[in-house]
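The chain contents come next:
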Amino acid sequence: KDITFTSKGLRCSGWLYVPDDLKTDAKAPAIVMATGFTGVKEAVLPDFATQFVNAGFVTLVFDYRYFGDSEGEPRSQNFPLELVEDCRNAITWVSDQPEVDSQRIGIWGTSYGGGLVLYVGTYDRRVKAVVSQVPAALSPEQRRAVNPENYDKMSRILLRDRIERYKTGVVNYMKVVAPEGEPCVLPGKEAYEEVMAFFFKQPNWRNQVTLESLEKMREFDPVSMVHMISPTALLFIPAEKDIFCPLDVVKAIYEK
């Protein structure tokens, strides 16, 4: 069913999946799902949510603020700590639903959401289980180490944008993916083809993100304190050939 909840005064829109065979007055464990970078609830998540609800879980998928059907301006603003806040407010809302056992809340995230759920699970003790699928989970230091030259080049672009934004208030954007040769956040032919295959057919998705978001994303650290997630149950589902968060990086987070 269509639902809404508030996050910092703005409406977040989502879908709540409830098992068909859940008896009246019965309470089921719940899963809050966190989508990936610039994602909307229509893409990818419903396939997983259907499996979860068939297994007996109440499941919530939603659009972060500034994306999809949710409120917020400017559009496509991807501030990690605000996305974390949306996830935590989603947990609060779902915990209050009559079908939900508030002591059995899990959070599942994929890609960028896979990093967000590590952060949420580290600090929010209501979460009893965390699943991080193909996580985009790098510390600021690791992020720069991937390609220091490109990182520093982007630093100069972001600094110019910060100065312009302060003086004029103009919000500048960058494409998420683009054909070879065009500037974008996730370069490469494979990234372009895969992201467009998943998201392009969704009318609510926009191939853009604010430049200010890229600044905030650089400062976000979902891994340095991840040891504090214990004793919460944690499952990583990495991809062996992930170029954005390589397998050895995920293994190091797991060991930590």
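Presented here is a report on the structure given in the accompanying data block. (Residues numbered from 1 in each chain as written. Predicted model: local features only at pLDDT ≥ 70, side-chain atom pairs only at ≥ 80, totals over all residues. Heavy atoms only, no water.)

### Brief notes about the environment of E190
Which entries qualify depends on this criterion: Secondary structure elements follow DSSP: runs of H or I no shorter than four residues count as helices, runs of E no shorter than two count as strands, and numbering proceeds from the N terminus. Categorising residues by exposure relies on relative accessible area from a 1.4 Å probe, with only protein chains included: less than 20% of the type maximum marks a residue as buried, more than 50% marks it as exposed, and the intermediate range marks it as partly exposed.
Note on placement: E190 falls in helix α6 (residues 189-199). Judged by its relative accessible area of 59%, E190 falls in the exposed class. With 46 residues separating them along the chain, E190 and R144 place their C-alpha atoms 22 Å apart.

### Structural notes on the packing of aromatic side chains
Quick reminder of the rule: Here a Phe, Tyr or Trp ring, Trp counted by its six-membered ring, pairs with any other such ring whose centre lies within 6.5 Å, and the pair is stacked when the planes are under 30 degrees apart, edge-to-face when over 60, and tilted otherwise. Ring-over charges, as used throughout, are those where CZ of Arg or NZ of Lys falls within 6 Å of the ring centre and within 35 degrees of the ring normal.
For the coordinates displayed, the defined rule picks out eight aromatic pairs. With a centroid separation of 5.5 Å and 90° between ring planes, the pair formed by F62 and Y64 is classed as edge-to-face. This pair shows no difference in class: F62 is buried, exactly as Y64 is. Three or more aromatic residues joined by ring pairs make a cluster, and in this case those are F5, F62 and Y64. The lysine or arginine in question, K41, covers the ring of W15, its NZ or CZ lying 5.1 Å from the ring centre.

### A short note on the layout of surface pockets
Rules: With a 1 Å grid spanning the protein atoms alone, the term cavity applies to any set of points in which a 1.4 Å probe fits but cannot get out, the term pocket to an open set with protein on both sides within 12 Å along at least five of seven lines, and the term lining residue to any residue with an atom within 4 Å of a point. Grid points are joined across faces, edges and corners, and a volume is the space filled by probe spheres set on the points. Under the scheme applied here, ten amino acids are nonpolar (Ala, Val, Leu, Ile, Met, Phe, Trp, Tyr, Cys and Pro), four are charged (Asp, Glu, Lys and Arg), and all others, including Gly, are polar.
In this structure, the largest pocket spans a volume of roughly 1900 Å³. What lines the largest pocket is a set of 50 residues, among which F37, V185, L186, P187 and F244 lie closest to the centre. Listing elements by their share of the lining of the largest pocket, those giving two or more residues are α3 (112-123), α4 (140-146), α5 (148-168), α6 and α7 (211-219). When grouped by side-chain class, the residues that make up the lining of the largest pocket number 33 nonpolar, 10 polar and seven charged.

### Things to note about a nonpolar patch on the surface
We count it as follows: Exposure above 30% relative accessible area and the absence of a salt bridge qualify a residue for a patch, where like charges join within 9 Å and nonpolar side chains (Val, Leu, Ile, Met, Phe, Trp, Tyr) within 5 Å. Accessible areas in this description were obtained via Shrake-Rupley with a 1.4 Å probe; residue shielding takes into account the shown protein chains only. Whenever Lys or Arg places a side-chain nitrogen within 4 Å of a carboxyl oxygen from Asp or Glu, that contact is recorded as a salt bridge.
On the surface, Y123, M225 and M228 cluster together into a nonpolar patch covering about 260 Å² of accessible area. Looking at where M225 falls in the secondary structure, it is placed in the loop between α7 and β9 (233-237). Among the residues examined, M225 registers a relative accessible area of 36% and is labelled partly exposed.

### Some thoughts on the sheet that holds β9
Using the following cut-off: Should DSSP find at least two bridges between two strands, the strands are regarded as paired. Orientation is described by axes fitted as lines to C-alpha atoms, over the contacting stretch for helices, and by angles from 0 to 180 degrees between their N-to-C directions.
The seven strands are arranged β1-β2-β4-β3-β5-β6-β9 in an open sheet whose pairing can be described as mixed. A single partner strand is all that each edge strand has here, and the edge strands are β1 (2-7) and β9. Pairwise comparison of adjacent strand axes, ignoring direction, gives a mean angle of 25° for this sheet. One ladder, built from six bridges, connects strand β5 (residues 100-110) with strand β6 (residues 127-133); its direction is parallel. The partner of W108 across the bridge, within β6, is V131.

### Notes on the nonpolar core
One broad rule of soluble globular proteins: the nonpolar side chains tend to lie buried together. Here is the rule we go by: Grouping buried Ala, Val, Leu, Ile, Met, Phe, Trp, Tyr and Cys residues that are joined through side-chain atoms within 4.5 Å yields what is termed a nonpolar core. Any two residues whose heavy atoms approach within 4.5 Å are treated as being in contact.
The biggest cluster of nonpolar side chains holds 51 residues, and the ones touching the most others in it are F5, V32, L60, Y64, V94 and I107. Contacts of V94, omitting those with residues within four sequence positions, involve L16, A30, V32, L60, V100 and I105.

### Focus on unusual backbone geometry
P74 follows E73 through a cis peptide bond whose omega is -5°. Positive phi, close to 75°, is recorded for Y66, a residue that is not glycine.

So yeah, pure geometry; function would need other evidence.
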